Amino acid sequence: MSVEDPIRLLPRNMAAQRRVGLVTTPVLPIAGNPASTRLESGVGNCFPGLECDLRNLERRFFPFLAVDIDMNENTISVASVDMAALRDAQAAGTITAATAKIYRQIDSTGTSAAPWRVVTMHGVFGPLGPQTIDIASLGGSSMGPSRLPVEAWTAVRLLAEDSPIQLTLRRGQTSLTLAGQRTRYVNDDGSLADFFRTGELTQSLCSPWTHDFRDCGCYYWASNHPDIAMPPRPVAPSTDTAWDSEVVWERSNRATDVAPDASTLATATEGSGLELRHYEINQRWQELNFVVEGRELLGSYAPLRPMGKPLPDKSALIEHLKYAAGIELAVMHEYLAAAYSLQAQSPGPQQLLDDVDAARWEIRRIAIGEMRHVRAVNDVLRVLSPDAYVPALRVATRIPGTTSGTPRPVVPDRATRAAVASFIDAEAPSTSVDGYYSGILATLELFGLTVEAQTIRTVMGEGADHWQAFKFIQHWLSRHDETEYLAPLPPAPSKLARAANLVLQAKYLALLGALFDGYQLGLPEGAPEVNAARAAMRGGTESLDAAAQAVADAGMLVQFDPLTDPRFAPVVGPPP
């Protein structure tokens, strides 16, 4: 392709748009497909996932060969030889006749009945260094100096692209040696390498329309084909809360005019007749309803998310983004106060201990997510005003309410039922915080700032995850009385609590200062300051986490005092 030729690739996701450097039509969110289902937000695991099976990349790690890596037997077998590509390479003079002859010998002897197997492999295995590995010897633990990869597939993954490799292959009593460069998975234009076949990266995935779906206990299917969901709404309006219960998605009882009962609930004990049988799934697949926003649908879907109204100008956008960062800090304050208030004491009922532990860690995870959102918003602000950028780290005094124009005050509290319910309202899709971001998103799209719009979409998508997580937390804690898991607060804090709180406030101010300096410098210059702030949050006896726990242990609610430093002073926010 000459430099004058137009780019014929049509990027469909943000990762491809960034690589190609071409922005065409912005990637729009689709109802029923949350941010986590897009390629750039893929789970990225190395086993069957939602979007692809990354193990299939390794099938073509060596030039002109497709191999099968059996992770149970720990073997690498040749599946096929790309003879067409081999002929092209020989014609171009990029491969010797002697090497081509070896490939032809492998191809001519076939690969089905008794395949050629890789018995040894020499190369540079990432941090493990240069080694000659006997594939059969791999297995078990991988520890200590000069350690081997744990198994064959890991060994292949450790080989760097374009690095030299030498393979010894054996079939019966015959051995062959091949040398070549580790293949590249992408072309220079960022697209998948030409030697991958259509559908190859998804060929080993489970299919949600076959038996795999029924018997798989992964619980990570796409949101419109889940394992469990709420049933379709009844035609006639009903106040029966049973319609909001979660049922088995592939249940055999498909009645839509009767509220769910014990035989269809997701909590039902598995037994005969609960789920469709295997052949029934193939026969009645059309009865498995699509699911949007957690509920099965029988008809068309009307999106609940309103289109955000663009802000009047760039200055208004900047002000709203500054306030958005303050909102993220404010809800983090509320979430941390709730997390540290969960104090179930052992010994106690195991379910209580498990539920409280899960709730505490989930709230902490969400709070960390809010700090990432603060960083994301600041990244967008830097793009909008690079010369006048000042880090946005002022805490909002109010957050958007469930109804537009009715903000609620920020009130840190223990993890009471009312507090958790308010967290669910704050994170609910299309309302409160998410609704506030919709105007920011619409403005970024109007200005053609596609990358920054994607950043805000990611924030909004993660907000939906937080909303779902708080619903789980609400469910876990609802099984217990509040007195069983909330630490009591004395009428007045003790001297020990007041001293611990002073330490907490000092650490909080220092942490914000490090973040401010790091954000102001930008990356990579500000990386040490940002990393220092990150390290100060978690782990170790001198961390903010330890200081907050000391306050909670002393019988005081964990909350952060308003600051007078103008960099971090409370902010009321722009008008809606």
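Residues numbered from 1 in each chain as written. Predicted model: local features only at pLDDT ≥ 70, side-chain atom pairs only at ≥ 80, totals over all residues. Heavy atoms only, no water.

Visitor: I'm lost on the overall build of the protein chain in this one. Help?
Guide: When helices and strands are tallied, the protein chain shows 15 helices and twelve strands. Counting all 576 residues of the protein chain, 43% fall into the buried class. Sequence-distant contacts in the protein chain: of pairs separated by 6 or more residues, those separated by 24 or more amount to 64%. Carbon together with sulfur atoms contributes 57% to the accessible area of the protein chain, which is approximately 29600 Å² in total. (Helix = DSSP H or I, 4+ residues; strand = E, 2+ residues; numbered from the N terminus. Buried < 20%, exposed > 50% of the residue type's maximum accessible area, 1.4 Å probe, protein only. Contact = heavy atoms within 4.5 Å. Areas by Shrake-Rupley, 256 points an atom, 1.4 Å probe, with all protein chains shown as cover.)

Visitor: Is there a simple way to explain the packing of aromatic side chains in this structure?
Guide: Each aromatic ring pair is summarised here by two numbers: the centre-to-centre distance and the angle between the ring planes. Enumeration over the complete set of coordinates arrives at eleven aromatic pairs. With a centroid separation of 5.3 Å and 85° between ring planes, the pair formed by F64 and Y103 is classed as edge-to-face. Note that F64 is positioned in the loop between helix 1 (14-20) and strand 1 (65-70) and Y103 in helix 3 (residues 97-108), a separation of 39 residues in sequence. Take Y103: its relative accessible area is 2%, and that puts it in the buried class. Note that R364 overlies the ring of W361, its terminal NZ or CZ placed 4.6 Å from the centroid. For R567, the ring lying beneath its charged end belongs to F516, and the centroid distance is 5.1 Å. (Phe/Tyr/Trp six-rings, centres within 6.5 Å; stacked < 30°, edge-to-face > 60°. Lys NZ or Arg CZ within 6 Å of the ring centre and 35° of its normal.)

Visitor: When you look at the pattern of salt bridges in this model, what are you seeing that I'm missing?
Guide: Side-chain pairs of opposite charge can arise whenever the charged atoms involved come near each other. Across all of its chains, the model carries 22 salt bridges by this definition. In this structure, R284 and E287 form a salt bridge, with 2.8 Å as the shortest nitrogen-oxygen distance. Several salt bridges share partner residues, and in doing so they unite R59, R60, D68 and E200 into one network. (Salt bridge = Lys/Arg side-chain N within 4 Å of Asp/Glu carboxyl O.)

Visitor: Just to check I follow, could you spell out the packing of helix 8 (residues 350-384) against helix 11 (residues 450-478) for this structure?
Guide: Axes are the key here: two packed helices are described by the angle between their axes and the distance separating the axes. Viewed as axis vectors pointing N to C, helix 8 and helix 11 meet at an angle of 165°, and their least axial separation amounts to 10 Å. By the criterion of interaxial angle, the relationship of helix 8 to helix 11 is roughly antiparallel. For the element pair helix 8 and helix 11, the recorded crossing hand is left-handed. (Axes fitted to C-alpha atoms, helices over the stretch in contact; angles between N-to-C directions. Parallel < 35°, antiparallel > 145°, perpendicular 65-115°, else oblique. Left-handed = near helix turned anticlockwise from the far one by under 90°.)

Visitor: In this structure, what is going on with the pairing of strand 1? I would like to understand it.
Guide: Where a strand is regular, its side chains alternate between the two sheet faces. Bridge count for strand 1 against strand 2 (residues 75-81) is six bridges, and the pairing is antiparallel. Across the sheet, the residue bridging to L65 is V81, located in strand 2. Linkage of strand 1 to strand 2, two consecutive antiparallel strands, is achieved through a turn of four residues, within which N74 is found at a positive phi near 60°. (Pairing = 2+ DSSP bridges.)

Visitor: I keep staring at the packing of helix 9 (residues 417-427) against helix 11 and nothing clicks. Help me out?
Guide: Following both chains from N to C, one finds helix 9 and helix 11 inclined at 160°, their axes separated by 8 Å at the closest point. Looking at the two axes, helix 9 sits roughly antiparallel to helix 11. Remark: the crossing between helix 9 and helix 11 carries left-handed chirality. Across from R417, V420, A421, F423, I424 and E427 in helix 9, the residues of helix 11 making contact are G463, H466, W467, F470, K471, I473, Q474, L477 and S478. In the contact of helix 9 with helix 11, the residues fall into eight nonpolar, four polar and three charged. (Nonpolar A, V, L, I, M, F, W, Y, C, P; charged D, E, K, R; others polar.)

Visitor: Would you mind showing me how to read the side chain of E328 here?
Guide: Looking at the secondary structure, you find E328 in helix 7 (residues 314-340). Summary of buried charges: E328 has no salt-bridge partner, and the nearest side chain of opposite charge, R372, is 11 Å away. Contacts of E328, omitting those with residues within four sequence positions, involve E370, H373, V374, Y437 and V459. (Lys, Arg positive; Asp, Glu negative; His and termini not counted.)

Visitor: Where do I start with the environment of L317 in this structure?
Guide: Looking at where L317 falls in the secondary structure, it is placed in helix 7. Of the residues examined, L317 reaches a relative accessible area of 0% and is grouped as buried. Counting along the chain gives 126 residues from L317 to T443, while the straight-line C-alpha distance between them is 7.2 Å.

Visitor: Can you help me understand unusual backbone geometry in this one?
Guide: Phi is mostly negative for residues that are not glycine, and the peptide bonds are mostly trans. Cis geometry is found at the peptide bond from L523 to P524, where omega equals 5°. Checked against the element boundaries, P524 lands in the loop between helix 13 (495-521) and helix 14 (527-537). In this structure, D162 takes a positive phi of about 70° despite not being glycine. Residue placement: D162 occurs in the loop between helix 4 (152-158) and strand 5 (164-171). In this structure D162 comes out as partly exposed when scored by relative accessible area, which is 44%. At S432, a residue that is not glycine, the phi angle is positive and equals roughly 45°. Here S432 falls in the buried class, since its relative accessible area comes to 6%.

Visitor: Honestly, the nonpolar core in this entry has me stumped. Any pointers?
Guide: The nonpolar side chains of a soluble globular protein tend to be buried, and buried together. Within the largest apolar cluster, 89 residues are counted, with the highest numbers of intra-cluster contacts made by L321, Y335, L342, Y437, I440 and I456. Taken together, the elements giving at least two residues each to this core come down to helix 7, helix 8, helix 9, helix 10 (432-446), helix 11, helix 13, helix 14 and helix 15 (544-553). Residues lining this core come from more than one domain, with at least three contributed by each of domain 3 (314-489) and domain 4 (490-556). Excluding residues that lie within four positions of it along the chain, Y335 makes contacts with I363, I366, A367, E370, F423, A426, E427 and F470. (Core = buried A, V, L, I, M, F, W, Y, C linked by side-chain atoms within 4.5 Å. Domains from an automatic or database assignment.)

Visitor: Can you help me understand the confidence of the model for the protein chain in this one?
Guide: Close inspection of predicted coordinates is inappropriate for parts of the model with low pLDDT. The predicted model of the protein chain has a mean per-residue pLDDT of 83, with 84% of residues at 70 or higher. Low confidence marks residues 1-9, where pLDDT is under 50. Its contacts with residues over four positions away, or in another chain, come to six contacts. Across residues 42-49, where pLDDT falls below 50, the model places 23 contacts with residues more than four positions away in sequence or in other chains. (pLDDT = per-residue confidence, 0-100.)

Visitor: Quick question: what am I supposed to make of helix 7 here?
Guide: Given a rise of 1.5 Å per residue, 27 residues ought to cover 39 Å, and the 39 Å separating the end C-alpha atoms of helix 7 matches this to within 8%. Of all 27 residues that make up helix 7, 23 are buried, and the element is covered over most of its length. (Expected span 1.5 Å × (residues − 1).)

Visitor: Looking at this model, I keep getting lost on the environment of E250. Mind explaining?
Guide: Mapping E250 onto the fold places it in the loop between strand 8 (247-248) and helix 6 (278-283). On the basis of relative accessible area, E250 is assigned to the buried category, the value being 2%. Note: C-alpha distance between E250 and L276 (26 residues apart in sequence) is 6.0 Å.

Visitor: Just to check I follow, could you spell out the environment of Q454 for this structure?
Guide: Mapped onto the fold, Q454 is located in helix 11. Sequence separation between Q454 and L441 is 13 residues, and the spatial gap between their C-alpha atoms is 8.5 Å. Polar contacts involving the side chain of Q454 include one to the side chain of R457, which spans 3.1 Å. (Polar contact = N/O pair within 3.5 Å; in protein donor to acceptor, adjacent residues only side chain to side chain.)

Visitor: Any chance you could explain the side chain of R364 here in plain terms?
Guide: With respect to the helices and strands, R364 occurs in helix 8. Contact partners of R364, with chain neighbours within four places excluded, come to A339, Y340 and D545.

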